[in-house]
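Notes for the structure review
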Amino acid sequence: MTGSSTAIITWALRPYITSLKLVYKDHPQIDPHTPLLIETMTFLAQSKTRLVFPEQLAPATMPLTSWVVEPPSESLASKAQQILSQINSSQNKITIAQPGDQFYAHSQGQISAEMQQVLAATKGIQ
């Protein structure tokens, strides 16, 4: 019984964002084209980091999710490939967020100035 309940909790919390970082730390203002690294956990509790742009994040309708990833424009897809070629290494397996990927972010209450900018750059959260 313990294993199945742990599996259900892990599955339910997989969209939960454990870390959200800017690719370029010196970026003065977060806008829809600012590349972000979003880290979540897999079903087996492994870290999973994905590259996404705020422009791709749309409000989600599923429970325990804030955003769903929409397909990138051709220019953003090309930019994402360039970024990955610069930052990926053998120890650092970052992937591009795929359309349909879901994320859960705390968007209410006390949030950082950076998170406020990220929220403003997305298509909004319901």
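Please refer to the structure placed before this passage.
Criteria and thresholds
- Residues numbered from 1 in each chain as written.
- Predicted model: local features only at pLDDT ≥ 70, side-chain atom pairs only at ≥ 80, totals over all residues.
- Heavy atoms only, no water.
- 1 Å grid on protein atoms, 1.4 Å probe; cavity = no way out; pocket = protein on both sides within 12 Å on 5 of 7 lines; lining within 4 Å.
- Points joined across faces, edges and corners; volume = space filled by probe spheres on them.
- Helix = DSSP H or I, 4+ residues; strand = E, 2+ residues; numbered from the N terminus.
- Nonpolar A, V, L, I, M, F, W, Y, C, P; charged D, E, K, R; others polar.
- Expected span 1.5 Å × (residues − 1).
- Buried < 20%, exposed > 50% of the residue type's maximum accessible area, 1.4 Å probe, protein only.
- Arc of directions from axis to C-beta.
- Contact = heavy atoms within 4.5 Å.
- Pairing = 2+ DSSP bridges.
- Axes fitted to C-alpha atoms, helices over the stretch in contact; angles between N-to-C directions.

Turning our attention to the layout of surface pockets. Each pocket or cavity is described by its volume, and for the largest pocket that value is around 220 Å³. Elements with a minimum of two residues in the lining of the largest pocket: strand E1 (19-22) and helix H3 (113-121). Ranked by residue count, the leading element in the lining of the largest pocket is E1, at 4 residues. Among the residues making up the lining of the largest pocket, the classes are represented as 9 nonpolar, 4 polar and 2 charged.

With 14 residues, helix H2 (residues 74-87) should cover 20 Å at 1.5 Å per step; its first-to-last C-alpha distance of 20 Å lies within 8% of that length. Every buried residue of H2 is listed here: Leu76, Ala80, Ile83 and Leu84. Projection of H2 onto a plane perpendicular to its axis shows the buried side chains occupying an angular sector of 100°, all on one side. Residues of H2 that are exposed and point over 90 degrees away from its buried face: Glu74, Ser75, Ser85 and Gln86. Each element contacted by the buried residues of H2 is listed here: strand E3 (47-52) and strand E6 (94-96).

A word on the sheet that holds strand E2 (residues 36-41). The strand order across the open sheet built from 4 strands is E1-E2-E3-E6, with neighbouring strands paired in mixed fashion. The open sheet has two edge strands with one neighbour each: E1 and E6. The mean angle between the axes of side-by-side strands here comes to 30°, regardless of whether they run parallel or antiparallel. Of the pairings in the sheet, the one linking E3 to E6 comprises 3 bridges and is parallel in character. Considered in E6, the bridge of Thr49 is made with Ile94. Of the strands in this sheet, E2, E3 and E6 are in contact with H2, which crosses E6 at around 175°.

Below, the discussion takes up the side chain of Ser19. Within the secondary structure layout, Ser19 lies in strand E1. On the basis of relative accessible area, Ser19 is assigned to the buried category, the value being 17%. Filtering out sequence-adjacent residues up to four positions away, Ser19 remains in contact with Leu37, Ile38 and Glu39.

The next thing to look at is the environment of Ala80. Residue position: Ala80 is located in helix H2. In this structure the C-alpha to C-alpha distance between Ala80 and Ile96, which are 16 residues apart in sequence, comes to 7.0 Å. When near neighbours in sequence (up to four residues on either side) are disregarded, Ala80 contacts Leu51, Phe53 and Ile96.

With that out of the way, let us pick up the environment of Pro72. Note on placement: Pro72 falls in the loop between strand E5 (67-69) and H2. As a C-alpha pair, Pro72 and Ala97 span 25 residues in sequence and 9.4 Å in three-dimensional space. Other than its neighbours up to four places away in sequence, Pro72 contacts Gln56 and Ala77.

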